[in-house]
Amino acid sequence: MITNQLAQFYAVNADNYDQIYAQEERFDDLDDLQEMVAEMFEGHKVLELACGTAYWTDLIAETAESVHATDLLPEMIALAETRGLDEDVVTFGIMDAFNLPDGLEGKYTAVFAAGLWSHVRREDQEKYLKQLRAKLGKDVLLVLLDETYVDGNSMVFARTDMEGNTHQILTADDGQRYEIMKNYLTDSTLRKRFAASAKQIRIERLEYYYLLSCRLK
């Protein structure tokens, strides 16, 4: 799921990871999302996957009991730690979101990931949800935040593979071009994928983003 190309792209672009949140046209969406995310995690013990530079960690930490923010890339964790978040609430660690370790069940009441679900192959989505359930346990709150495709703003697709996964060509700060798989999913597709593994599925669809919340069965 996390390919070498994807990991390399984000490692090279770590310093500019948050630039997308500086786009003025996204401010209204982000204001709404920040309020919703903070409210959802009030009082929770949160495991954050693919935390990047901790943009969302900062928001979650305002209301959560605790947040363990993790990422596959040391470059991201190093930047995240510079935010100076409350060490009594927030801890950081290296973790592969697609190869979760044992020993997580019972430690967290919620799991959050921003920008992760679009990189899960369509044919692997149900399997990944089952892994989350197996590792984290029943009734854990799962919240996923990801992008909506917007003509003129989102990168155009370079190709679509036989499973329906869409791929984009992105140029990184090192001048190299990377093929990145990124899926933009409709509400109906999301509900279909989550139906077998989750309950209380809710989707908030904004112009540039969507926010999905559910409970793992």
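Structure: see above.
Residues numbered from 1 in each chain as written. Predicted model: local features only at pLDDT ≥ 70, side-chain atom pairs only at ≥ 80, totals over all residues. Heavy atoms only, no water.

A. Highlighting the packing of aromatic side chains. For the coordinates displayed, the defined rule picks out 11 aromatic pairs. Residues phenylalanine 157 and tyrosine 184 carry aromatic rings whose centres are separated by 5.9 Å and whose planes lie at 50° to one another, so their mutual orientation is tilted. Of this pair, phenylalanine 157 sits in the loop between strand 5 (141-147) and strand 6 (159-160) while tyrosine 184 sits in the loop between strand 8 (177-181) and helix 6 (187-194), placing them 27 residues apart in sequence. Judged by its relative accessible area of 35%, phenylalanine 157 is partly exposed. Looking at tyrosine 184, the relative accessible area reads 14%, which means it is buried. (Phe/Tyr/Trp six-rings, centres within 6.5 Å; stacked < 30°, edge-to-face > 60°. Helix = DSSP H or I, 4+ residues; strand = E, 2+ residues; numbered from the N terminus. Buried < 20%, exposed > 50% of the residue type's maximum accessible area, 1.4 Å probe, protein only.)

B. How the structure looks around empty space enclosed by the protein. Scanning the entire structure with this criterion turns up three cavities of 30 Å³ or more. By volume, the largest cavity amounts to about 50 Å³. Every residue lining the largest cavity is listed: Tyr17, Asp18, Tyr21, Glu48, Ala50, Cys51, Thr53, Ala54, Tyr55, Trp56 and Ala114. Considered class by class, the residues forming the lining of the largest cavity number eight nonpolar, one polar and two charged. (1 Å grid on protein atoms, 1.4 Å probe; cavity = no way out; pocket = protein on both sides within 12 Å on 5 of 7 lines; lining within 4 Å. Points joined across faces, edges and corners; volume = space filled by probe spheres on them. Nonpolar A, V, L, I, M, F, W, Y, C, P; charged D, E, K, R; others polar.)

C. A look at unusual backbone geometry. The phi angle at alanine 50 is positive, at roughly 50°, despite the residue not being glycine. Tracing the backbone shows alanine 50 in the loop between strand 1 (45-49) and helix 3 (55-60). Given the relative accessible area of 21%, alanine 50 is considered partly exposed. Look at aspartate 139: it is not a glycine, yet its phi comes out positive at around 70°. When you line up the elements, aspartate 139 lands in the loop between helix 5 (125-136) and strand 5.

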